[in-house]
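In case you want the letters, here they are:
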Amino acid sequence: MDFRLLALCFSLWLFPAWASIESDLNDLADTVYQYPNEALSKIEALEGALDQDKLTPILRLRLALLKCETFVQLGENEAAINLGRMSDAKAKAMQIESARPYFLNCMAGAYIDYGDLRQALTLLDASIYHSRELKQPQSLVNGLLLRGRVDIQIESESSALEDLRLAQDIYPETLNQQPHWIVPPFPYIQLAMAELLSQKGLFNQAFNTARATLDNEQSTGKVRINLLLNLAKIAHKNQEVKFRDDMILEAKILIPELATATELAESYNQLAEIEFLRGNDKSAIQLLNIAINTFEQQKKISDSLHAHKLLAEIELANGNEAAGLDLMKKAIGIAERTNQFYQLVICYQVLSDYFASVGNYQQANQYQRLRFDTAKHSYEYLKDTRLLQIKARLARYQQLAQSKKTNTLKLDTHLGNNYGLFGIILLFLLLTLLLIFSRLRGQKPPKQEMQGFEPMAPLEKMEALLASAKQIGFPITILLINPSHFYRADMKLLSARICDKLRQQDMLFNKEADQMLIMLPFTHLEGAMQISQQLEAAIEPLQSNGRVAIGIAVMRHHDTLNTLIKRASIDQLSKHNEHLAH
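Keep in mind that what you see is a predicted model, and the values were worked out from it rather than measured.

Colleague: Hey, could you run me through the overall build of the chain in this one?
Modeller: Secondary structure summary: the chain contains 23 helices and 4 strands in total. Out of the 582 residues belonging to the chain, those deemed buried represent 46%. Surface accessibility of the chain: about 31,400 Å² in total, with carbon and sulfur atoms responsible for 55%.

The following block contains the structure:
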């Protein structure tokens, strides 16, 4: 009895200690994004004061996660990846599966900073899958936010919108989650949504979305500085000049509070972009030179690429061609080494626009062709990434099927004893159905009411067909024709000739003035190329000038109708440039 009383007293003494550690970790999780340097100091102090061996496995993993996310916020990407990989292995060994998605997100965030989107997307796909399976809303929100940011970078707008809306809907569930691991501030989700709206040209919606985040209680420290700088950029696009200047002024006051050189350099990079937009080129150049030195020392690859590209753009805008081309060459070199094709596309577009502005159209055309070729490589690169993700999902589903196989076999054995009874019941049902069907066949069907029924629009039919193809697994290919190369008077004849070559299931739609869209269900690339050749031969006599190129795109698992059209458009432009070259 004395021993039990002693154990009870000891446990009561320990309870406040564990409660204190839980409280400390919860407080740290709420400040990692706002004050990462301060959070790292507290984490290291906790590690020194606590006996790691006496902590529960969950507490050890939570402490490691906070440190990992703090490393990402401070730009210590290599340290974050190493800690995340090691902690994920520990969580797996200790069979604490619920912790693993958080470390996958942490590593993905570091790879995004490196510009390695393939590694990041693979990790995020696994994280989002496990978060849903394990019902971890905090890791699910973080994974969706990170993947949404990647999709914004690569201009996959529909995917980004879907992820960010889902993150917004799930966020309230994260507030009461236990244990409290870590979740990004809600203003970051709103800011990403504002960035997406701005990219789509909806500047007023983007401005209002970002502006609403300023009053959020989580908008402090580094989070507030990022909000101010991004809101200033959106305000400039929305022609809110006074508001833009107010945001810049407040940001400049808060920036000195940032504790590390990397954080300062990131803010200088953002501020330089805004200064360039409002015509303060000299200030932008000074800020970028400081930022580039820090990025190169800290090996911040993506930020260094962005800074070089922006500085090159400023030099070219000021007529310093030699300096601008040299800086752009460095930016292109970084993008090629790290397979950042979407950044290469931007670099080539800047160079094409510059040479067009100075009247060197041959050079401008050359860079425009490089841009189109790079865009194709970008789609292929991301296609391979998506295929890796699909293979990983299939592997997981196969494992689940194997785990359920034993139960299924037992059920089949039990059912085998009742096959005779099932056969009799099935035969009776078939006879009943045949009798009903034969009676109905002899009756005339009643006239259906057509009031209120509206046929689907062509684009809606195409979207529905695309969705069916993904579910059932049949191929779809689209062809894109530019009708601007034909005389307006021949448009009816053009449509008639095209329809003569199409099959019954194929769909033709004039999407825009310069886009004639043809959807070919149950058609692989080889079949589409044959149809394309037949169409070219049929419409060739109607062409007004030059040879018309037909763009082709084959549906992939992650495609929407818009992405299909975009790829067909790129293929069309590439073929058109080839015709011009010959």
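Colleague: Looking at this structure, how should I read helix H11 (residues 221-237)?
Modeller: In an α-helix, one full turn covers 3.6 residues, which means residues spaced three or four apart are oriented alike. End to end, H11 covers 25 Å across 17 residues, agreeing with the expected 24 Å (1.5 Å per residue, within 8%). For H11, the tally of buried residues reaches 14 of 17 residues, placing the bulk of the element in the interior. Of the residues flanking the end of H11, it is Gln 239, one or two places downstream, whose phi is positive at about 60°.

Colleague: I would appreciate a short explanation of the pairing of strand S1 (residues 476-481) in the present structure.
Modeller: Here is the key point about a regular strand: its side chains alternate between the two faces of the sheet. In terms of residue burial, S1 counts as a mostly covered element, since 6 of its 6 residues are buried. Side chains of S1 alternate between two faces, with Ile 476, Ile 478 and Leu 480 and Thr 477, Leu 479 and Ile 481 buried alike. Summarising the sheet, S1 and strand S3 (residues 515-521) pair through 6 bridges and their orientation is antiparallel. Its bridge partner being in S3, Leu 480 is matched across the sheet by Leu 517. Two elements, S1 and strand S4 (residues 551-554), share 4 bridges in a ladder whose sense is antiparallel. When the bridges of S4 are listed, Leu 479 appears paired with Ile 552.

Colleague: Explain the state of the cysteines here, please?
Modeller: Counted under the stated rule, the structure contains 1 disulfide. Here Cys 68 pairs with Cys 106 through a disulfide, and the sulfurs are 1.9 Å apart. Taking the torsion about the S-S bond as the criterion, the Cys 68 to Cys 106 disulfide, at about -105°, is left-handed. Of the two residues, Cys 68 sits in helix H3 (residues 57-73) while Cys 106 sits in helix H5 (residues 100-114), which places them 38 residues apart along the sequence. Like Cys 106, Cys 68 is buried.

Colleague: How should I be thinking about the packing of H5 against helix H7 (residues 137-153) in this particular structure?
Modeller: Axis angle and axis distance: for two packed helices, these are the angle between their axes and the distance between the axes, and together they describe the pair. Following both chains from N to C, one finds H5 and H7 inclined at 20°, their axes separated by 9 Å at the closest point. By the angle between their directions, the pair H5 and H7 is classed as roughly parallel. Classified by chirality, the crossing of H7 by H5 is left-handed. Where H5 approaches H7, its residues Pro 101, Tyr 102, Asn 105, Gly 109 and Ile 112 are matched on the opposing element by Gln 138, Ser 139, Asn 142, Gly 143, Leu 146, Val 150 and Gln 153.

Colleague: So what exactly am I meant to see when it comes to the pairing of S3 here?
Modeller: Among the 7 residues that make up S3, 7 are buried, leaving the element largely enclosed by the rest of the structure. In S3, alternate side chains face the same way, and those of Gln 515, Leu 517, Met 519 and Pro 521 on one face and Met 516, Ile 518 and Leu 520 on the other are all buried.

Colleague: When you look at the nonpolar core in this model, what are you seeing that I'm missing?
Modeller: Grouped burial of nonpolar side chains is what soluble globular proteins tend to show. Counting residues in hydrophobic clusters, the biggest one holds 98 residues, and the most contacted among them are Leu 66 and Met 328. Looking at which element gives the most residues to this core, the answer is H11, with 9 residues. The contacts of Met 328, once residues within four sequence positions are left out, are Lys 309, Ala 312, Cys 347, Val 350 and Leu 351. The next biggest cluster of nonpolar side chains, apart from the first, holds 26 residues, and it includes Ala 80, Met 107, Ala 108 and Val 150.

Here is what the cut-offs are and how they apply
Residues numbered from 1 in each chain as written. Predicted model: local features only at pLDDT ≥ 70, side-chain atom pairs only at ≥ 80, totals over all residues. Heavy atoms only, no water. Helix = DSSP H or I, 4+ residues; strand = E, 2+ residues; numbered from the N terminus. Buried < 20%, exposed > 50% of the residue type's maximum accessible area, 1.4 Å probe, protein only. Areas by Shrake-Rupley, 256 points an atom, 1.4 Å probe, with all protein chains shown as cover. Expected span 1.5 Å × (residues − 1). Pairing = 2+ DSSP bridges. Disulfide = S-S within 2.5 Å. Axes fitted to C-alpha atoms, helices over the stretch in contact; angles between N-to-C directions. Parallel < 35°, antiparallel > 145°, perpendicular 65-115°, else oblique. Left-handed = near helix turned anticlockwise from the far one by under 90°. Contact = heavy atoms within 4.5 Å. Core = buried A, V, L, I, M, F, W, Y, C linked by side-chain atoms within 4.5 Å.

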